[in-house]
Amino acid sequence: MISYLSGKVILERPNFIILEIGGVGYKVSIIPKIDQKIGQNIKVYTYQHIREDVSDLYGFQSYEELELFEKLLSVNGVGPKAAMIVMSLAPAERIIEAIATEDSNFFISASGIGKKVAIKIILDLKSKISGMQFSGALSGGRVKEEVVDGLAMLGYKKPEIDRVISKLPKELEKSEEQIRWCLKNLAKK
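These numbers were taken from a predicted model, which means no experiment stands behind them.

A. Spotlight on the sheet that holds strand β1 (residues 4-12). With mixed pairing, five strands are arranged side by side around a closed barrel as β1-β2-β3-β5-β4. On average, each strand axis in the sheet is inclined to that of its neighbour by 55 degrees, with strand direction left out of account. Where β1 and strand β2 (residues 16-21) come together, four bridges link them in antiparallel fashion. When the sheet's bridge partners are listed, K8 is paired in β2 with E20. Each of β4 (41-50) and β5 (55-60) is contacted by helix α1 (residues 63-73), which is oriented at about 15 degrees to β4, the strand it contacts most.

So, in structure tokens, the structure goes:
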């Protein structure tokens, strides 16, 4: 099993990258939130899915995101593609919040996830996510509640808010800066 890959991005597409490591190119499916540029060296934590005819790699910025992906895969009826669609909906903290608050509508908004599967995800994972903690970019209140609340009070819907927050630059730490950046990027859409 390949735990992580560290190498140079030689090709990028919305849903995958090719990493060159020691003269070998690895195709890694990613969620669109991963920051990468051609020629840049990056490290991705990986999940290797092997079937009789295919061996696929799925990459994540943090080990905690990989753990959440693996928990989603443990739900009967959720395969790697469906789990990646869920992971691309919002930051991992928001996905965990949706499970904890039993927000089935959050999961139904994902393409290919119906009401039955959404309820299965919540029921199967509610007890498993209680101890999950996030480090790095997802911790320390990088996306503060007041940012989400402020945007909601201005009339923006959850999917819009989640989409823009998932792209929030890491260097913005103050709520005011985060709200300003979000508003500017929401206005572009």
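B. Structural context of the pattern of salt bridges. This model, assessed by the stated rule, comprises four salt bridges. The salt bridge involving R51 is made with D53; its shortest N-O contact spans 3.8 Å. Across the pair R94 and D103 runs a salt bridge, and its minimum N-O distance is 3.1 Å. Taking relative accessible area as the criterion, R94 reaches 9% and is therefore assigned buried. When salt bridges that share partners are traced, they join R94, E97 and D103 into one network.

C. Highlighting helix α5 (residues 115-125). Within α5, burial applies to A118, I121, I122 and L125. Buried residues along α5 cover an arc of 95 degrees about the axis, so they all sit on one side. Turned more than 90 degrees off the buried face of α5, the exposed positions are K116 and L123.

D. Looking closely at the pairing of β4. Where β1 and β4 come together, five bridges link them in antiparallel fashion. Note that in β4 the partner of Y4 across the bridge is Y45. When β4 meets β5, the two strands line up antiparallel, connected through six bridges. When the sheet's bridge partners are listed, I50 is paired in β5 with S55. Turn length for the β4-β5 hairpin, with the two strands adjacent in sequence and antiparallel, is four residues.

E. Representation of the side chain of N185 within the structure. You can see N185 is positioned in helix α8 (residues 175-188). The class for N185 is buried, based on a relative accessible area of 16%. Within polar-contact distance, the side chain of N185 engages the backbone oxygen of W181 at 2.8 Å.

F. Summary view of unusual backbone geometry. One non-glycine residue, E102, adopts positive backbone phi at about 55 degrees. Inspection of the secondary structure assignment puts E102 in the loop between α3 (92-100) and α4 (104-108).

Rules of the game
Residues numbered from 1 in each chain as written. Predicted model: local features only at pLDDT ≥ 70, side-chain atom pairs only at ≥ 80, totals over all residues. Heavy atoms only, no water. Pairing = 2+ DSSP bridges. Helix = DSSP H or I, 4+ residues; strand = E, 2+ residues; numbered from the N terminus. Axes fitted to C-alpha atoms, helices over the stretch in contact; angles between N-to-C directions. Contact = heavy atoms within 4.5 Å. Salt bridge = Lys/Arg side-chain N within 4 Å of Asp/Glu carboxyl O. Buried < 20%, exposed > 50% of the residue type's maximum accessible area, 1.4 Å probe, protein only. Arc of directions from axis to C-beta. Polar contact = N/O pair within 3.5 Å; in protein donor to acceptor, adjacent residues only side chain to side chain.

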